[in-house]
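Per-entry structural report
What follows is the residue order along each chain.
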Amino acid sequence: MPYRTDGDALDAPVSILLVTSRGTKRWVIPKGNLVKGLSPHASAAHEAEEEAGIIGSVCPTPLGSYPYRKVLRSGASRWMEVDVFPVLVTQELDQWEEQDQRERRWFPLAEAADAVDEPELRDLMRKFKAAEFTALARRGFLPVATDIKEGFKMFHWFQNLLPKQGNFFNLFEAHAVTLIAGSDALARLLQGGPSMQDHIREIIEREHEADAIIREVLQTVRRTFLTPFDRSAITSLIVSMDDAIDQMQQTAGAISLYEVTDFSQEMKDMAAIIVDASRLLAEALPLLRSIHANAARLHELTERLVTMEGQADQIHSTGLKASFKAHGQGNTLRFIVEREIYSHLEKVVDRFEDVANEIDGLVIDHA
């Protein structure tokens, strides 16, 4: 599912690239059979380039799957199960293999969901960025579950009467913007090419922006009498977020220091996981404004973050082993450099898991 975000803001609109099918000319996402020798997400990237003429950062963790009935050349039809992988588009090709057979078009997220025929795919698109859900959460309009004990209701009612000072939610979300921009720049950096120094510079600048935000959070904690959460929970959350972008900067620093210009597929896959982790965090943080109402969605998002961290560990091990086999004997220095880059990438994903754990802790305490 190729996508792009129109701007850095957390509420920036998302667009989806759809293509027409060759037979019925209905709008679909690029898809195809597994390519021999390629993993599922790499096969998805291959199909996206072939059918839609796009190159991007493909997260190895699928959003989900949907069934559809494929009509074969013989006239028979078969049920197919499609795994959907998010692809952050970084380049649109002027020429590609199937450009004369298909039309491609960018749709706003809601319009893309309406344009496809498969209900399950439509649901995946709507859950990709639950804009309406987030907007309601910001305004506090989401309904509270009715099956809670009366005393628990009274507790939240009383809690809502307390004045909440400080702009903590704005600061959390501002920091998330730096994570989104930094992760996008990291993914572009690991694609190599002549613009690598520009991407390194952006990551460094984003890290400096994040430093200013965390200083403001810590100062606000000290001078605020009433806070929305426990003070230690506020500082733990923002520090874990800041650790993530610090590790992005360290990754970029190692790449610059050792003048690395080409990267393994496993490194690119870990960067794609980082991109999707920042996207999930961008949805989760605004929901903290009304934790009790949004507890279920917050749990879904943090659960996915933890799952992605586990997959990143597997990719890290696979890539490190491949690097050792390729360079461990003949080019030990190359192996040491790649091992350091892998280590930084793994730590970035680990920090996102730390953020997920902090959010889960807040849900437990307040919902």
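A brief report on the enclosed structure follows. Predicted model, so just to flag it, every value in this text is computed and none were measured. Each chain carries its own residue numbering, running from 1 in the written order of its sequence. Whole-chain, interface and lining totals are the exception, using all residues; otherwise, since this is a predicted model, local features are given only for residues with pLDDT of at least 70 and side-chain atom pairs are given and counted only at 80 or more. As a convention, hydrogens and water are excluded, and side-chain values are obtained from all of the structure's heavy atoms.

Some thoughts on the packing of aromatic side chains
Going by this rule: Ring geometry is summarised as follows: Phe, Tyr and Trp rings, the Trp one being its six-membered ring, pair when their centres sit within 6.5 Å, and such pairs are stacked at plane angles under 30 degrees, edge-to-face over 60 and tilted between the two. For helices the rule is a DSSP run of H or I covering at least 4 residues; for strands it is a run of E covering at least 2, with both sets numbered from the N terminus onward. Categorising residues by exposure relies on relative accessible area from a 1.4 Å probe, with only protein chains included: less than 20% of the type maximum marks a residue as buried, more than 50% marks it as exposed, and the intermediate range marks it as partly exposed.
The tally for this structure, following the rule as stated, stands at six aromatic pairs. Taking 6.5 Å as the distance between ring centres and 80° as the angle between the ring planes, the aromatic pair formed by Phe169 and Phe172 counts as edge-to-face. You can see Phe169 and its partner Phe172 sitting in helix α6 (residues 168–189), three residues apart, about one turn around the helix. A residue is classified by how much of its surface remains accessible, and Phe169, at 16% relative accessible area, is buried.

Quick notes on the pattern of salt bridges
Convention followed: Salt bridge, as used here: a side-chain nitrogen of Lys or Arg that lies within 4 Å of a carboxyl oxygen of Asp or Glu.
Scanning the entire structure with this criterion turns up 23 salt bridges. Between Arg304 and Asp276 there is a salt bridge, with its nearest N and O atoms 3.0 Å apart. On the criterion of sequence distance, the pair formed by Arg304 in helix α10 (residues 291–327) and Asp276 in helix α9 (residues 265–287) is long-range, its members being 28 residues apart. Its relative accessible area of 16% is what places Arg304 among the buried residues. The structure contains a network of salt bridges with shared partners spanning Arg4, Asp6, Glu92 and Arg104.

Regarding the environment of Ser317
Tracing the backbone through its elements, the reader meets Ser317 in helix α10. Exposure remark for Ser317: the relative accessible area of 45% places this residue in the partly exposed category. Taking the C-alpha atoms as reference points, Ser317 and Glu346, separated by 29 residues in sequence, lie 9.9 Å from one another.

So, unusual backbone geometry
You will see that Lys25, though not glycine, has its phi angle at about 65°, which is positive. Summarising the element assignment, Lys25 is placed in the loop between β2 (14–20) and β3 (27–28). In this model, Glu259 sits at a positive phi of 55°, which is unusual for a non-glycine residue.

Here we look at the side chain of Lys31
Defined as follows: Only four residue types enter the tally: Lys and Arg on the positive side, Asp and Glu on the negative side; His and the chain ends are excluded. Contacts are assigned to residue pairs with any non-hydrogen atoms lying within 4.5 Å of each other.
Mapped onto the elements, Lys31 comes out in the loop between β3 and α1 (40–52). Within the buried core, Lys31 has no salt-bridge partner, and the shortest N-O distance to an opposite charge, that of Glu118, equals 5.6 Å. Excluding anything up to four places from it in sequence, Lys31 contacts Glu47, Glu51, Tyr66, Tyr68 and Val82.

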